[in-house]
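Spelled out, the chains give:
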Amino acid sequence: MDLFIKDLNVQVENLPLPILSIPYLHIPARSQVAILGPSGCGKTTLLNTISGLINIQARQLLWGNTDLTQLSAAKRDIWRFTHIGIVLQEFYLTSGLSALENVLLPYSFTHWRISNNIKQRAKMLLEQMGFTRFHSPAERLSRGEMQRIAIARALLLKPNIILADEPTASLDLQNAKIIAQLLPQLSQQEQCTLIVTTHDLNLAEHFPRQIYLANGQIEREEALC
Ligand SMILES: Nc1ncnc2c1ncn2[C@@H]1O[C@H](COP(=O)(O)OP(=O)(O)OP(=O)(O)O)[C@@H](O)[C@H]1O
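Definitions and limits used
Residues numbered from 1 in each chain as written. Predicted model: local features only at pLDDT ≥ 70, side-chain atom pairs only at ≥ 80, totals over all residues. Near = placed C-beta within 6 Å. Nonpolar A, V, L, I, M, F, W, Y, C, P; charged D, E, K, R; others polar. UniProt positions renumbered as here; feature names shortened; annotations may be inferred. Helix = DSSP H or I, 4+ residues; strand = E, 2+ residues; numbered from the N terminus. Core = buried A, V, L, I, M, F, W, Y, C linked by C-beta atoms within 7 Å. Buried ≥ 20, exposed ≤ 12 C-beta atoms within 10 Å, placed from the backbone. Contact = placed C-beta atoms within 7 Å. Axes fitted to C-alpha atoms, helices over the stretch in contact; angles between N-to-C directions. Parallel < 35°, antiparallel > 145°, perpendicular 65-115°, else oblique. Left-handed = near helix turned anticlockwise from the far one by under 90°. Pairing = 2+ DSSP bridges.

- As annotated in an unreviewed UniProt entry, the protein carries the name ABC transporter ATP-binding protein and comes from Exercitatus varius.

1. Thoughts on the site of the ligand
Then, in step 1: Every residue lining the ligand is accounted for by V12, I19, G37, S39, G40, C41, G42, K43, T44 and T45.
Then, in step 2: Taken together, the residues that form the shell around the ligand break down as three nonpolar, six polar and one charged.

2. Focus: the UniProt feature "domain: ABC transporter" (unreviewed entry) in the protein
Then, in step 1: Feature annotation in UniProt places "domain: ABC transporter" (unreviewed entry) on residues 5-224, given in this structure's numbering.
Then, in step 2: A helix fraction of 35% and a strand fraction of 25% characterise residues 5-224, whose end C-alpha atoms lie 22 Å from each other.

3. Examining the nonpolar core
Then, in step 1: Counting 60 residues, the largest nonpolar core has I35, V103, I149, A152 and I162 as the members making the most contacts within it.
Then, in step 2: Once you skip the residues sitting within four places of it in the chain, I149 turns out to touch F91, L93, A99, N102, V103, A138 and L141.

4. Let's talk about the packing of helix α4 (residues 116-128) against helix α5 (residues 143-155)
Then, in step 1: For the pair α4 and α5, the least separation of the axes is 9 Å and the interaxial angle reads 135°. The angle between the axes of α4 and α5 places the two elements in the oblique class. α4 and α5 meet at a crossing whose hand is right-handed. Side by side, α4 and α5 meet where A122, L125 and L126 of the first sit next to R148, A152 and L155 of the second.
Then, in step 2: Classifying every residue of the contact of α4 with α5 gives five nonpolar, no polar and one charged.

5. Examining helix α1 (residues 43-50)
Then, in step 1: In terms of burial, α1 is a largely internal element, six of the eight residues being buried.
Then, in step 2: Taken together, the buried positions of α1 are occupied by K43, T45, L46, L47, T49 and I50.
Then, in step 3: Downstream of α1 by a residue or two, G52 has a phi angle that is positive, lying close to 75°.

6. Structural notes on the sheet that holds strand β3 (residues 32-36)
What links the strands of a sheet is backbone hydrogen bonding, and the strands pair in either a parallel or an antiparallel sense.
Then, in step 1: Reading across the sheet, the six strands line up as β6-β7-β8-β3-β9-β10 and stay open at both edges, with mixed pairing between neighbours. In this open sheet, the two edge strands, each paired with only one partner strand, are β6 (84-88) and β10 (217-223). Between one strand and the next, the sheet's axes are offset by a mean angle of 15°, whatever the strand orientation.
Then, in step 2: Where β3 lies against strand β8 (residues 193-198), five bridges are found, and the strand directions are parallel. Paired with A34 across the bridge in β8 is V196.
Then, in step 3: Each of β6 and β7 (161-165) is contacted by α5, which is oriented at about 165° to β6, the strand it contacts most.

Put into C-alpha cells, the structure is as follows:
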C-alpha cells in the first residue's frame, strides 16, 4: 500500500501555527523510510497521524485506496489493527506472560484458541532475531531482548506497514546496532513498508530514504540510490 498525504496541517489549541505542515508526501509500498529531526520537530505527530491514532487534519491521507480522513476514530482503530504493526521506544510487554505469549497477544485478542500455525510463526520470527528462550518470563529479559519480542509481536499478523517510534532510543549501543539491522531486514523479508522516527544516525543509515523534519515541515530528503 502506497501512502499519499495531501495538505496535512496539524493544529493544536492555543498555538497560532500548525505543529506539522506537509503539503505532499508519497511513500511507495514496501519502502523503508527514516524520519529524522530535532526534538519537537513533529516526528511523533507524523507517525500518530499516518497510523490514524489522532484526528487527521489533512485534505487526503491515503493508504492504498483507503482515505483515513474519511474514517471515524473507531473505524481507524480497526483499520490500524488490520494493517499496521507498531514498535515503540518502550516495549509494553505484559509481565507474568512468557516471551512467546507476549508475541502472540495480538492474535489472542481475536481468537479463543492459539493455532499451531500462528505459534510456529511467532517462534520463527523470534528465531530469526536470534531469540529462542520462548518460555522466559517477559520481565526477566534484557532490554534488547524485550525489543526483539516487541518487533516479533508487531510482525505477527503480517501487517502491510510497520511504524516504529524511536525503536532504539532506550537501548544500549550494542543492542541498538542489532535492532537497526534487524528491523529493515525483517520488514524486507515480510514485504512490508517500514517507517521509523529516530534521532539515531546509526539506525537511519540502514534506510534508503531519509526525510528530515524541522519546525513541523519537511526540510530535506536524502535517498540512497
Ligand atoms: N496535543 C498537543 N498540544 C500542544 N502541543 C503539542 C501537542 N502535541 C504535540 N505538540 C507539540 O508539537 C511539537 C511536535 O511534537 P512531536 O512530539 O511530534 O515532536 P517530536 O519530533 O516527536 O519530538 P521528540 O523527538 O522530542 O519526541 C512539539 O513542540 C510538541 O510540544
